[in-house]
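Observations on chain architecture
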Amino acid sequence: MVKVLAFAGSTRKGSFNQAILDIAVQGARSAGADVTVINLADYPMPLFNQDEEADQGIHENAQAFKTLLTAHDGFLIASPEYNSSYPALLKNVIDWASRSAEGEKPMQAFKGKVAAIMASSPGALGGLRVLVPLRMLLENIGTLVLPNQRAIANVHTLMDDNGQISDARTVQQLQGLAVELVETLQKLKSK
Ligand SMILES: Cc1cc2nc3c(=O)[nH]c(=O)nc-3n(C[C@H](O)[C@H](O)[C@H](O)COP(=O)(O)O)c2cc1C
């Protein structure tokens with residue numbers, strides 16, 4: 001069974017990106033993946049500073065996050081768009097996870113992995129612009145990013161009273177992306 005780690009680049013209560021991630025997770029599970037969903041709020045870590053890393057080593061929550069990434073075949077990532085790019089939260093956890101402890105292979109958390117990326121925003125572009133630098137970042141550290149991606153515009157209009165995505169077309173799009181990730185991983189794993 002392929003293993004997928006799912007996380008959003010927002011720890012905001014009522015995060016739209018967590019909401020779209022939840023739908024994608026349903027799709028990945030329906031396609032047969034073993035999906036682990038984490039909230040980055042459970043992995044607080046300082047802003048990366050190389051001097052502190054030299055003094056104190058890799059922060060324990062960064063190491064825990066990296067261990068999780070390493071243990072999974074692929075990633076579902078939903079990111080907010082902050083000023084046309086990724087939020088510091090997401091870049092910070094990726095920077096930490098890119099650091100190697102003694103005995104670890106360089107970029108072991110990211111190399112050979114496959115990711116599906118998505119964004120959402122109350123705005124008209126749906127966070128489309130964050131997907132460009134996020135794709136570039138992930139590919140530069142060894143993660144293959146699916147050509148397909150999703151940017152969900154006006155996301156606040158697509159939800160029910162419980163804060164879940166209820167718009168059928170959006171659900172289908174997000175689940176379809178996740179199914180594509182799982183099918184890609186299944187093909188790669190069967191080789
Ligand atoms: C610092 C900051 C910058 C933002 N920049 C953008 C932006 O460039 N494009 C956009 O569509 N929304 C932007 N937003 C609005 C976010 O899309 C909105 O806050 C969204 O709810 C964040 O995602 P979340 O609900 O998952 O936390 C920005 C919000 C903040 C706090």
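Structure report, in brief. (Residues numbered from 1 in each chain as written. Predicted model: local features only at pLDDT ≥ 70, side-chain atom pairs only at ≥ 80, totals over all residues. Heavy atoms only, no water.)

This part is about the site of the ligand. The ligand sits among 13 residues. The nearest are Ser10, Ser15, Asn17, Glu81 and Ser121. Residue Ser10 places a side-chain N or O atom 2.7 Å away from an oxygen atom belonging to the ligand. Take Asn83: an N or O atom from its main chain is 2.8 Å from a nitrogen atom of the ligand. Against a free-state accessible area of 620 Å², the protein chains account for coverage of 70% of the ligand. (Near = heavy atom within 4 Å. Polar contact = N/O pair within 3.5 Å; in protein donor to acceptor, adjacent residues only side chain to side chain. Areas by Shrake-Rupley, 256 points an atom, 1.4 Å probe, with all protein chains shown as cover.)

Quick look at the packing of helix H3 (residues 60–70) against helix H4 (residues 88–97) now. The axes of two packed helices give the description: the angle between them and the distance between them. Remark: H3 packs on H4, axes separated minimally by 9 Å, with the N-to-C direction vectors making an angle of 80 degrees. What the angle tells us is that H3 and H4 run roughly perpendicular. Counted together, Ala62, Phe65, Lys66 and Leu69 of H3 and Val93, Trp96 and Ala97 of H4 form the full contact between these two elements. (Axes fitted to C-alpha atoms, helices over the stretch in contact; angles between N-to-C directions. Helix = DSSP H or I, 4+ residues; strand = E, 2+ residues; numbered from the N terminus. Parallel < 35°, antiparallel > 145°, perpendicular 65-115°, else oblique. Contact = heavy atoms within 4.5 Å.)

Counting 32 residues, the largest nonpolar core has Ile20, Leu76, Met118, Ile165 and Leu181 as the members making the most contacts within it. Of all the secondary-structure elements, those providing two or more residues to this core are strand S1 (3–8), helix H1 (16–30), strand S3 (74–79), strand S4 (114–120) and helix H6 (168–190). With 8 residues, the single largest contributor to this core is H1. With near-sequence residues (within four places) excluded, Leu181 lies in contact with Val4, Phe75, Leu76, Val114, Ala115, Ala116 and Leu146. Membership of the second largest hydrophobic core comes to 30 residues, among which are Phe7, Leu40, Ala97 and Leu131. (Core = buried A, V, L, I, M, F, W, Y, C linked by side-chain atoms within 4.5 Å. Buried < 20%, exposed > 50% of the residue type's maximum accessible area, 1.4 Å probe, protein only.)

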